[in-house]
Each structure stands twice: as C-alpha cells, then as structure tokens.
Amino acid sequence: MSSIFKGSPYRRPNDLEAGSSRSVHSDDEEQEFSDGPFHITSTKNAPIDRLRRWRQAALVLNASRRFRYTLDLKKEEEKKQILRKIRAHAQAIRAAYLFKQAGERVNGTSIPHPTPAGDFAVGPEQLASVSRDHNFNALQEYGGVKGLSELLKTNLDKGINGDDPDLLKRRNAFGSNTYPRKKGRSFWRFVWEACQDLTLIILMVAAAASLGLGIKTEGPKEGWYDGGSIAFAVLLVVVVTAFNDYKQSLQFQKLDDEKRNIHLEVVRGGRRVEISIYDIVVGDVVPLNIGDQVPADGILISGHSLAIDESSMTGESDIVHKDSKQPFLMSGCKVADGSGTMLVTGVGINTEWGLLMANLSEDTGEETPLQVRLNGVATFIGFVGLSVAVLVLVVLMIRYFTGHTKDSTGRREFIAGKTSASNAVDGVIKIITVAVTIVVVAVPEGLPLAVTLTLAYSMKKMMVDKALVRRLSACETMGSATTICSDKTGTLTLNQMTVVEAYVGGRKIDPPDSSSELPDTLMSLLIEGIAVNANGSVFTPDGGGDVEVSGSPTEKAILNWGIKLGMNFSAVRSGSSIVHVFPFNSDKKRGGVAIRLPDSKVRIHWKGAAEIVLAACTWYHDANDSIVAMDEEKMVFCEKAIETMAAGSLRCVAIAYRSYESEKVPTEEEQLARWALPEDELVLLAIVGIKDPCRPGVKDSVQLCQKAGVKVRMVTGDNLKTARAIALECGILQSDADASENNLIEGKDFRSLSDSQREDVAEKVSVMGRSSPNDKLLLVQALRKRGHVVAVTGDGTNDAPALHEADIGLAMGIQGTEVAKENSDIIILDDNFASVVKVVRWGRSVYANIQKFIQFQLTVNVAALVINVVAAISSGDVPLNAVQLLWVNLIMDTLGALALATEPPTDHLMHRPPVGRREPLITNVMWRNLLIQAVYQVCVLLVLNFQGRKILHLDHEKSIEHANDVKNTLIFNAFVLCQIFNEFNARKPDEKNIFRGLGKNYLFIGIVTITIIAQVRLVSNLSGWHLCYRFSFVLQSVSCCPGYYCGVLW
C-alpha cells in the first residue's frame, strides 16, 4: 500500500509497469513488477488467476455490490462452457447430415421438394438444412446458388427490390436478423443485492430487536422511534444504492447495443446501400471485403481468394478458403483475406451465431486498473475502520458492564443484579448498532464504485464527442497516454479525395480530366484498368440523375476521375470476365486483376503506390498511342513527377497493365486460387496525384496534445514526402528544421534495425512513411519498452495486432473494418483526430474525478472515526448515533460519488503532463488538503462535544438530556455541513478558485441543494424520533459557521 499513500512527481522516468509489453514479458515477470494483488499493470490481457487473487485479498462486506461492475469470473467460465456445447452440437448435427447424405447417395434417395413459405418457393427449414448444416447435395438439388436465388426472388447482380412491402414479406417468411436477448436485471434485483450488505443486515436485525424492546418498555406510541428510525435509514440507503446501480446498468446496456449495431453495405435495386446488420433479410446480396464480419448465414455467389476466419464458431484457428466447392458462410465469422459476394439464406435465430448469442448474456463487468487499486485503498481503510469499530465496541461494552456508562440524568445504566435482562439487552443492542454503523461509514464501498460511476458518465458523454468505448479500462488509461501513433488518411485529413494532377502518356495533362488530349487506345486501356481493377462500384439511375460511386475514398476518387474521362462502368465491366483478383495488400501497397477479353486474350491490370508500381514498369504508353521502352530519362521524369506531387501533400497512385499468355493461366479452381499474378514487365498508363485536405482544426488539436505532454506521431502507408508535407501542415513537425532524418523514417528502414536501435529511433521519430501494419506493431512495442503509454489509431484488418498490443487501441468508425474494431478499445465514430484528443481529456478527467472523491471520502472517514473513538473512550457515549451515521454514509458514498465523479473535463487538465500509471492516487496536494480539513473538523467537533453545552449556555438547563440532544444535534448538523462545504473544496484540489465552472455542473448543484434541504428537514421535523433536536434559526446559523470556515480554510 506504500505506493498509494506517497507523494511523487507526475511521471516517473523509469516506469516499468507502463513499459512492460505483453508480447515481451511473461506473466511471472509482470507479477515481479507488481507490489501486490492490487497492482495490475493492465487488465487488457490479465490472467484469470491474477484477477481472482485481488478479489480474495479485498475486505468486502457486500461482494455483490462491490464487484457489481467487475468481470464475473464464474460467468466467464460458464460462457466458455456454453460455447463449447453449442459448437459440439453444431458439429454433431453436421456429421449426422453427412452420414445421412452418404446413405441417400447409396440408396438413390433425392432431396425433398422445397416447402413454400409465403410468397417464396422455399421455407426457412429447407434453407437451414442447406446453409447451417453445410448440405452441399441439397444445394445442388436446388440448382446451386443461382437456383436458390430464383426461389428467393433475388437477382444475383442487382439484389432484391428492397422496398418496404418486399422487406416485410421476407421478414414474415424467414424472420429478422435479431435474436432474443436475455433481460437485464430489474430494479428489484438491485434492491435485493443492496440488502445483502452484511453491515446493513446486522443493522436491520438490531433495528428489529430495538423496535421490539422499545414497544415493550415504552409502548407502541413512542417505543418504535429508535428501531423505526434505523430501519428507515437502512431502507433509504438500500433504495438510493439500488437506484444508482440500476441506472448505471441501463447505461451499460445502451452502450453495449451501440457496439453490436454494425453497419454494412448490401446490394438492393442495383445499388449499394448502407444498412444496419439488424435490417438484413434473407435474399440480400452482401459484398464481403477483408476485415468484414459475415452478417448472416449464406452461400458464396462469387469470390476471389476469399478466406474466412471461422474460429469464433468452430473454435479452430485455421483459415478456411471459400469457393464453389466450399460455398457455405457462417454468421459471425470474419473475412481474413480476399473479397466476394454472398446470398443471405439464414438470419437471426435461424443461424448458429444467433443461437450462440441468444444463449449468452453480455457481461457488462470488466476490470480496470484503477478499480483494482481503489479496492486496495478500500481494503486498507476498511481494516482501519474495522479495528476502530472493534475498539469502540470493546470500550463501550466494558464501560457499560462496569457501570461507568450513565444516562442523561447521570444515573448508571447497568447495575449488576438490579438491571433487568431486557434493559441490558437493549443497552447492548445500542452499543452494537453504533459499532456496526461505524463499520458502515469506515468501509468505503463507494470508493471502487466511484470509478464505475465516473466511467459510465464519461462513456455517455464521449458518445456525444464521437467516441464509443468498448473497454472501460481504456477511459482511464487514455489519461496516462504519453504518445499517440495516428494514421494520416481520414484521421488527420478529411478523407475526401479528388484527383487534382495526372500524368498520362508520359506527360502531364492539365486539367487532369482532359480526355481530348489522350489517344483512343490509351484512353480505352486506362478506362478498362480503372473499371475492372476497382473494389468500388458505380450506380447510374435508370431515370437519369447523379451517378452514385461507392468504395474506399481512394477508389472513389479514381472512379470519379474515370467517369470524367468518359468511363461507362457497367459496360466496361460486362465487356470482360474476371479470371483472378489480387486484393489490395497493405504490405505490397498494390492490387491487381486478371481479365479475359471476348477474344480470349488475358490482360492483367495493376494499381498501387506510384513508386512501387513504377519500379515494375519496363514500358510506357506514350501520347502517340505507342508502347515505348522505359528509358532512364523517362524513369527520372516519372520519379520527379511523383516527388513533386508528394511534396505538395498528394497521394500518388500509378496505373499499369500487361498482356499475358492465355495458355499459362491455371484452369483448375484450386490452382487458380493460389496463382500469383505476374507483376513484372508492366506498361505504365498513368500516375495520378490525389488531394486529401487536412481536417479543419487538426493543427490546434495536435498543439494541444503537445502542450499536454503527449507526442503525436504519424504512421502512414503513403510516400514519406507526402507524409512530411502533411505533418508540416498538421503541426506534427513544427518547421522544415524539424523535418530531419532523425524525425522521419521509412517502414522498411525501421524494420531492418535491431531491437535496441529500434527503441532509440522510436523515441525520436515523428513521421513514418511507407509503413506496413507490422512496422506499426514494431513501433508500438519499441515505445512501450521505453516506458511510454501508447495510443494507436487503425482502420485496417492488418492493424489489429498493433491495436491489440497498444495500451489504447483506437479504431476508426467510418473506414475501420470489423476486425479492427473488435481489437480496439475505443471506436472513433467520426474518424477525426480532434475526437482522439477529446478522449485524452476524458481519460484525465476520470483520474482527476476519482482523486476528488478520494479526498472527500477520506476526510469524512478520518473525522467520523476520530470523533466517535475519542468520545467513546472519554465519555462512554458517541455524539453521532446510528441513523445520523447512516445519513452521513449516504452523503459520502452515493451522493458524494454522484456529485464529484461526474465533473466534466476542463482545459486545465490539458495543461499538465500525463499521469504515470504508478502515480500514487493520493498526491502531496491531496494529503495537504485532506489533513488540514480532517484536523479542522475533528478539532471543531471535539470542542463542540466537550464544551458545546457551555458554548451554547446550556449548563443551567433543568434537563441534562435536553441539553445533550441540542449539543449532539449541533455536532451532527455542523459535521454534515462541513462535508457539504468540503465537496466544493474537493472539486478543485489544486486550484484556489473552487467555484470555477460550477455553473455548468447542474448535477453537482442539484445534489448539494437536495442534501441541504434534506438536512434542514431532518433536524427540523424529526425531533420526535429522538434523532436530533429541533433547531431554531439561530442554532441553524451557528452550525453553518464551521462548515463555512471549512469551505474557506485556504
């Protein structure tokens, strides 16, 4: 616990914990770095044994409440067992169908005729027997995918009609792509869990006993006050606690629904439209690209090098290649490579994925390092509080049974042999009640839950700021980030690309879409290369109107350029057949396609990074419509053109082709799938420069990060010169002087370095160009070894390892693939770097809010414990009774957490360096504030306890009991008001102006107002319950003075 209660600078230079890399250090080494069960470097991949270890070490009086929002380890094991059972069940069904098919082939039995379903000639049962059971014979009987599409009234090229009546018919016949979700816990379930608190159970038993004894001795009219008031206070704590937990549960459910709502493209009416995964229907035609999730069960229509990761369904890590012999696609699987289109044949509960999800309940619990550390703090304080409570119990018991405890009239409460058993039991119950209530106040159950509260609040507000949190721990970890490795395209730039420069036929054409300057053959080849070597599409409405272009931003820019040159996309695509496709690869930086022309000739088109494609060109098509050898002069001219465009922050793309002998093309499907497209002796057609302007305000965001001690690094697949120009424009590089070799590096140079050299270079580098996803991973590992807390942005499937390895993985919501999103911690919904900076602010706000709550709660702990201990030992009585302490506990735990844990972030947070992950939770400034406040409150309240009657001129009162009631009520009121004023101090622990920004925090103002009103009502209207004495306005004003001076103490 020493590191928790020790002041230190904001960041330690040798932060072993921050620097330990999951891919480098073993679990044993991680344990070596930790100081105990409550120090877990990162919960992202923490082993179950370590998570179980800190739970066993925690002092917990209400496990269901304390661990409400941590990972349910038992449920995690149950989930794995359910997965295994469902997978085994599916495999057994498939095996049975294969056995049945074999028997049918031997006996000559045919597949039963399809049973109609509504307006369709096939029903969901027959479709399930085909797709879910991988029944290839049944598929062949139905006429393959084409025959099945006819039964489903689907055009394989244009998709379904897609109007509302058509969609309704399909949902009625085959169901919707949803599955029954297990209901979340009801409010009454949370009430039940709150009632399981051990201390509250003891208090309820004490209340029942006190109620019975009170009615017996004083009669039903007044005898129920003591027991009834304790019961009411316990009930109030239970209801407020349950409501707070229930509200957070609903918030997490809502965020979970957002995570599940994937958006994807389908082909309807001949055009690609984006819809929610829940809106997919049987008969839809779905394009699949690398990184996509298969949204439903289906049959492959066509594919090129399509490889599917089925591990989520089968448990096997092997990648399965799909073709006409293995056409079955399972919902929930991921596209590992290639591309294709599928016909949807099963949705929702009619799929294995739907069955799986319907049997699994989403666990909203998750570990966060701060939660674990705060459980350590709570355990430490709890042991202290428990010791104090036991001490008070022992002292009061000894004083009571030795006759040293006197009532308000000065008579001894217990006289051996004379005091009745019922009176003795009543006295013991009151003593036990006080001791148990001290435990309630002393054990800060609200401390770990304050993390969940502030995280839930932050997650909700971050959604407004276009950031969807997938892992709770990422919120707090982002506050410690020391460097952000950002993509260029779409994150620092707008992702709105247009072709602004073009070199065609060996010369520059201006404007770039001037087709009149180009010869016919060159134009034909160029348009063919643009149309067939594209993963996007062009839709021209039948009745005229604007052309709709879909695809990646780069694809759209080139397709739009082709349209301006006169390209008829559908005519060019239909004029040839695709033989084989090499999808764009982020390692090779290029993609190609082989096509067969009507005269049976084969042509291969390539498109990719300009300097890479240019290096493979030995010819070029000149302006005279001739193919000319690429001499050194022309090569230098093209390289110069690329450098000039790159220096102007343009993305450079080259388009080339080559002819190929038809007889050399593999004829068998398996050989064709493994065929490597020839990429030498290419003929250069064009080099284009694509402009992607910087996002407005991105320079200010980068500067804000730099002021906050967070270094921004650009990692891009673009040309290094393009990256340099954008970096200067964005402010990552301040000037041309910064754009030196130390700050710039190419991916191939970085990966060729040794591990130690890589770490040294990583510390200095600001821009990495022509990087592969593996280069990004190496950079992350090197930075983490140097002690950095690394945030990484990524959008591609191959970015998944870097996103997983980083402390915080940030996937792009618009351009990001599903694989990238699943490996991320936070999804940036608008792909904007400014949103990344907002996440940093929120991360720092989480840590700051927790510190505020710790300062506030520990002050209450120290003051309440000291006052009760001193009073109990010195006089045998405590000034704060059970009900009053329960009210203080409610203010301290639930209302205090709600007020302080929901403070919005301020600019002040970005004017300080990042907080090291081993930074003590209680800083020197907090210790100063806490101790001064606690000492002040203890001194004032002890003075009131021992000299209160004298100060209030109550020494001459006829009734000593009345005088003590007035004094104790003054102490209670002053104590509560001190906490209310202390909440204002806790808002700004390191600032003098504690009221700054108060007007914007309506929740804080509302909670403080409610607390004050409730306190006034408590001391004014409940005097008959023996809880306190009814105050006059003068005494109310007097009790405000300690609280006021508590607020202005410094």
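The coordinates are above.
Keep in mind it's a predicted model, so treat the numbers as computed, not measured.

Asks: Could you clarify how one ought to interpret helix α10 (residues 187-195) in this entry?
Replies: One full turn of an α-helix is made of 3.6 residues, so residues set three or four places apart face in the same direction. Listed as buried for α10 are Phe190, Val191, Glu193 and Ala194. Take α10 and look down its axis: the buried residues cluster within an arc of 165°, on one side only. Exposed and oriented more than 90 degrees from the buried face of α10 are Trp188 and Trp192.

Asks: So what exactly am I meant to see when it comes to the side chain of Arg784 here?
Replies: Along the polypeptide, Arg784 turns up in helix α29 (residues 773-785). Relative accessible area serves as the criterion here: at 1%, Arg784 is assigned to the buried category. A polar contact of 3.0 Å, which involves the side chain of Arg784, links it to the side chain of Asp807.

Asks: Help me understand the pattern of salt bridges, please; the structure alone is not making it clear to me.
Replies: Tallied over the full model, the rule gives 33 salt bridges. Residue Glu501 pairs with Lys508 through a salt bridge whose shortest N-O separation is 3.6 Å. Judged by relative accessible area, Lys508 falls into the partly exposed class, the value being 40%. One salt bridge connects Asp990 with Arg912, and the closest N-O pair in it is separated by 2.9 Å. Within this pair, whereas Asp990 is found in the loop between α35 (960-987) and α36 (1002-1021), its partner Arg912 is found in the loop between α33 (882-900) and α34 (924-951), the two being separated by 78 residues in sequence. Accessibility expressed as a relative area gives 14% for Arg912, which makes it buried. Connected through salt bridges with shared partners, the residues Asp487, Lys776 and Asp799 form a single ionic network.

Asks: What should I look at first to understand the packing of aromatic side chains in this one?
Replies: Aromatic rings in a pair are described by how distant their centres are and how their planes are angled relative to each other. Counted according to the given criterion, the structure contains 13 aromatic pairs. Measuring from ring centre to ring centre gives 5.3 Å for Phe187 and Trp188, while their planes differ by 70°; the resulting arrangement is edge-to-face. According to the relative accessible area criterion, Phe187 is partly exposed, its value standing at 21%. Feature note: the residues Phe187, Trp188, Phe190 and Tyr246 constitute an aromatic cluster, connected by ring pairs. Sitting over the face of the ring of Phe120, Lys153 holds its NZ or CZ atom 5.6 Å from the ring centroid.

Asks: In this structure, what is going on with the state of the cysteines? I would like to understand it.
Replies: Covalent bonding between the sulfur atoms of two cysteines is what defines a disulfide. A complete count under the given rule lists 0 disulfides for this structure. Considering cysteine sulfurs only, Cys617 is the nearest to Cys638, which forms no disulfide, with 8.3 Å between them.

Asks: Even after reading the chapter, I still don't get the pairing of strand β4 (residues 297-309), so can you show me in this structure?
Replies: Walk down a regular strand and you will see the side chains alternate between the two sheet faces. Bridge count between β4 and strand β7 (residues 334-346): 10 bridges; the pairing is antiparallel. Bridging from a neighbouring strand, His304 pairs with Ser339 of β7. Where β4 lies against strand β6 (residues 328-329), 2 bridges are found, and the strand directions are antiparallel. Bridge assignment links Ile299 to a residue of β6, and that residue is Phe328. Across 3 bridges, β4 lies against strand β5 (residues 319-321) in antiparallel orientation. In the strand pairing of β5, Asp309 is matched with Ile319.

Asks: I tried to follow a nonpolar patch on the surface on my own but got confused; where do I start?
Replies: The grouping of Leu386, Val390, Val394 and Ile398 at the surface amounts to a nonpolar patch, some 310 Å² of accessible area in total. Turning to its location among the elements, Ile398 is positioned in helix α15 (residues 369-401).

Asks: I keep staring at the sheet that holds strand β26 (residues 826-828) and nothing clicks. Help me out?
Replies: Sheet strands associate in pairs through backbone hydrogen bonding, adopting either a parallel or an antiparallel arrangement. Pairing is mixed in the open sheet, where 8 strands are placed in the order β8-β26-β25-β24-β9-β21-β23-β22. Of all strands in the sheet, those bounded by a partner on one side alone are β8 (467-469) and β22 (744-746). Going across the sheet, the axis of each strand differs from the next one's by a mean of 20°, ignoring polarity. Of the strands in this sheet, β21 (711-715), β22 and β23 (767-769) are in contact with helix α26 (residues 720-730), which crosses β23 at around 150°.

Reading the values: rules and limits
- Residues numbered from 1 in each chain as written.
- Predicted model: local features only at pLDDT ≥ 70, side-chain atom pairs only at ≥ 80, totals over all residues.
- Heavy atoms only, no water.
- Buried < 20%, exposed > 50% of the residue type's maximum accessible area, 1.4 Å probe, protein only.
- Helix = DSSP H or I, 4+ residues; strand = E, 2+ residues; numbered from the N terminus.
- Arc of directions from axis to C-beta.
- Polar contact = N/O pair within 3.5 Å; in protein donor to acceptor, adjacent residues only side chain to side chain.
- Salt bridge = Lys/Arg side-chain N within 4 Å of Asp/Glu carboxyl O.
- Phe/Tyr/Trp six-rings, centres within 6.5 Å; stacked < 30°, edge-to-face > 60°.
- Lys NZ or Arg CZ within 6 Å of the ring centre and 35° of its normal.
- Disulfide = S-S within 2.5 Å.
- Pairing = 2+ DSSP bridges.
- Patch = residues over 30% accessible without salt bridge, like charges linked within 9 Å, V, L, I, M, F, W, Y side chains within 5 Å.
- Areas by Shrake-Rupley, 256 points an atom, 1.4 Å probe, with all protein chains shown as cover.
- Axes fitted to C-alpha atoms, helices over the stretch in contact; angles between N-to-C directions.
- Contact = heavy atoms within 4.5 Å.

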